[in-house]
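What follows is the residue order along each chain.
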Amino acid sequence: MSTEHELASHVKKVFIEQFGQNPILIKAPGRINIIGEHTDYNNGFVLPAATNQAIYIAIAKAENSHSTLISLDLNQTHIFDINELVISKNKLWANYILGVLAEVKNAGHKLHNIHMVFSGDVPRGSGMSSSAALECGTCFGINEIFDLKINKLDMVKMSQMAEHNFVGVMCGIMDQFASTMGKQSHAMLLDCKTLDYNYFPISMEDYMIVLCNSNVSHSLADSEYNTRRLQCEDGVKKLKRFYPEIKSLRDVSLDQLKDKKSALSEVVFKRCKYIIEENVRVLAMTRAMEKADFEMIGNLLKSAHYGMQYEYEITCPEIDFMAAFANDRTDVLGARMMGGGFGGCTINFVKRGAEDQFIKEMNEAYKAQFSKETTPIKVIISDGVRRINV
Ligand code: GLA
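This text gives an overview of the structure that appears in the document. (Residues numbered from 1 in each chain as written. Predicted model: local features only at pLDDT ≥ 70, side-chain atom pairs only at ≥ 80, totals over all residues. Heavy atoms only, no water.)

1. With respect to the overall build of the protein chain
Put simply, the rule reads: Secondary structure elements follow DSSP: runs of H or I no shorter than four residues count as helices, runs of E no shorter than two count as strands, and numbering proceeds from the N terminus. Computation of the radius of gyration draws on C-alpha atoms alone. For the globule rule, the value is 2.2 Å times the number of residues to the power 0.38. Type-normalised accessible area, obtained with a 1.4 Å probe on protein chains alone, sets the label of each residue: buried when under 20%, exposed when over 50%, and partly exposed for intermediate values.
Check the secondary structure of the protein chain and you find eleven helices and 13 strands. Its C-alpha radius of gyration of 21 Å places the protein chain within 12% of the 21 Å reference for a compact globule of 390 residues. Each of the three principal axes of the protein chain carries a C-alpha extent, and together these read 65 × 55 × 40 Å. Taken over 390 residues, the protein chain has a buried fraction of 58%.

2. A short note on the pattern of salt bridges
What counts here: In the sections that follow, a salt bridge refers to a side-chain nitrogen of Lys or Arg positioned within 4 Å of a carboxyl oxygen of Asp or Glu.
Counted according to the given criterion, the structure contains 22 salt bridges. For Glu4, the salt bridge goes to Lys27, with nearest N and O atoms at 2.8 Å. Pair noted here: Glu4 is in helix α1 (residues 3-19) and Lys27 is in strand β1 (residues 24-33), with a separation of 23 residues, a long-range link. A residue is classified by how much of its surface remains accessible, and Glu4, at 27% relative accessible area, is partly exposed. Accessibility expressed as a relative area gives 0% for Lys27, which makes it buried. Linked by salt bridges that have partners in common, Lys270, Arg271 and Glu313 make up one network.

3. Some remarks on the packing of helix α9 (residues 294-311) against helix α10 (residues 317-327)
Put simply, the rule reads: Interaxial angles span 0 to 180 degrees and are taken between N-to-C directions of axes, which are lines fitted to C-alpha atoms, for helices over the stretch in contact. When describing relative orientation, an angle under 35 degrees is termed roughly parallel and one over 145 degrees roughly antiparallel, while 65 to 115 degrees is termed roughly perpendicular and anything else oblique. Handedness of a crossing follows from how the near helix is turned relative to the far one, being left-handed for an anticlockwise turn of less than a right angle and right-handed for a clockwise one. By the convention used here, residues are in contact when the closest approach between their heavy atoms is within 4.5 Å.
Remark: α9 packs on α10, axes separated minimally by 11 Å, with the N-to-C direction vectors making an angle of 160°. Considered as vectors, α9 and α10 are oriented roughly antiparallel to each other. Note on packing geometry: the crossing formed by α9 with α10 is left-handed. Where α9 approaches α10, its residues Lys302, His305 and Gln309 are matched on the opposing element by Ile319, Asp320, Ala323 and Asn327.

4. Things to note about the side chain of Glu278
Rules: Here a polar contact is taken to be a pair of N or O atoms separated by no more than 3.5 Å, where protein atoms must pair a possible hydrogen donor with a possible acceptor and residues adjacent in sequence count only if both atoms sit in side chains.
If you trace the backbone, Glu278 turns up in helix α8 (residues 266-290). Under the relative-accessibility criterion, Glu278 is labelled buried at 0%. At a separation of 2.9 Å, a polar atom in the side chain of Glu278 contacts the main-chain amide nitrogen of Glu37. Those residues in contact with Glu278 that lie beyond four places of it in its chain are Ile35, Gly36, Glu37, Thr39 and Ala304.

5. Regarding the packing of aromatic side chains
Quick reminder of the rule: In summary, the pairing rule links any two rings of Phe, Tyr or Trp, Trp by its six-membered ring, whose centres are within 6.5 Å, and it sorts them by plane angle into stacked for under 30 degrees, edge-to-face for over 60 and tilted for everything else.
Taken as a whole and judged by the stated rule, the model has twelve aromatic pairs. Ring centres 5.0 Å apart and planes at 75° place the aromatic pair Phe177 and Tyr197 in the edge-to-face group. Taken together, the residues Phe177 in helix α5 (residues 174-181) and Tyr197 in strand β8 (residues 197-201) connect sequence positions 20 residues apart. Classification of Phe177 as buried rests on a relative accessible area of 0%. What makes Tyr197 partly exposed here is its relative accessible area of 33%. Here the aromatic cluster, defined as three or more aromatic residues joined through ring pairs, consists of Phe321, Phe325, Tyr366 and Phe370.

6. Digging into the side chain of Glu355
Filter applied, for reference: His is not counted, nor are the chain ends; Lys and Arg add positive charge and Asp and Glu add negative charge.
Its place among the elements puts Glu355 in helix α11 (residues 355-370). For the buried Glu355, which has no salt bridge, the nearest side chain bearing the opposite charge is Arg352, at an N-O separation of 4.9 Å. Leave out the neighbours within four places in its chain, and Glu355 touches Met208, Val210, Val350 and Lys378.

7. Looking at the pairing of strand β6 (residues 114-120)
This is how the line gets drawn: Criterion used throughout: strands pair if DSSP finds at least two bridges between them.
In terms of burial, β6 is largely enclosed, as six of its seven residues are buried. Where strand β3 (residues 48-61) meets β6, seven bridges bridge the pair, whose relative direction is antiparallel. Within the sheet, the bridge partner assigned to Ile59 lies in β6 and is Met116. Where strand β4 (residues 67-71) meets β6, four bridges bridge the pair, whose relative direction is parallel. Across the sheet, Ser71 pairs through a bridge with Phe118, a residue of β6.

8. Focus on the sheet that holds β8
Spatial ordering of the open sheet is given by β2-β7-β8, a layout of three strands whose pairing is antiparallel. Two strands bound the open sheet, and with one partner strand each, they are β2 (45-46) and β8. Alignment of strand β7 (residues 186-191) against β8, held across five bridges, turns out to be antiparallel. Directly across from Met188, in β8, lies its bridge partner Tyr199.

Structure representation (structure tokens):
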């Protein structure tokens, strides 16, 4: 039986046992990002895709006067009234859902109480955006059961704002965009300034994308994330004095930045340099992939990791070890940390046929160094959030 069938059947079964009514089922995927980290909130470019790992949600209108959320993976329940949406202090996971409900209500839609049961196989804290999957799945689900006719782009934006306003992470738009708009076998080249996007076929003939989960997730990730955002804003503010036309780091060239280096602190200069170069790398990656220029693909991944390690400073020893181990091998085109940072996964482009040996040796080396395991994930690029049946 497939994981999809198993997880979806399970949430449905528990839902029926608990509430005695039939739910609809939603599959909301996590995401990978080929390249372009922290560029989204700087109005830059990203190249994400939706994964087969997903959160499965059983949801229906509640026939009574309260709402119930059941997280099967955490074995916790949260009960609330749809007319009194407040941030939960002790069940942080509930805020991803409550935040979406609040955004949808703020947009003027009338909601009634709901029941929802969910479970998934997107590893939490892995940089694969289990949080965006939960937000986007909730938004898609309530749109279906209340027939709200919200368009997909608005679902993306509401899910992002839920994270700002209820979770307190000032995230960009990439994760929610990928989870909602994903397309099988395609990445999306998204321009976060205009929200224009192109689906970009990912051919897997010569290489495979393998994630190695470090199983590390640092609690400072959220606060450091917000700090990076503020440092970039500080850079823009200072550079604006010289270049009044700029609105974000997207509008600044490397030469312009270098010219005004003395106006910025050393840290802010490094942060800005990384973002400007990362935008260039995203566009170069699409060209390299189109031309099947494997050497270039590898070099771009390696220099992206370098930038995150030494300039944006969002990696950690475990992740740096894994990226260096992979980047030293001839059967890996290139590897880098993926996602917000301070743990999570590396993304590795591995020559097809060599993946099992790579995974085995990576795990042995990681275990010898850190006395813990890495979990491998062979990526299958899938469609975005949708209704399913079992
Ligand atoms: C997190 C955020 C995204 C993006 C990435 C880094 O996943 O939610 O918006 O900024 O980090 O690229």
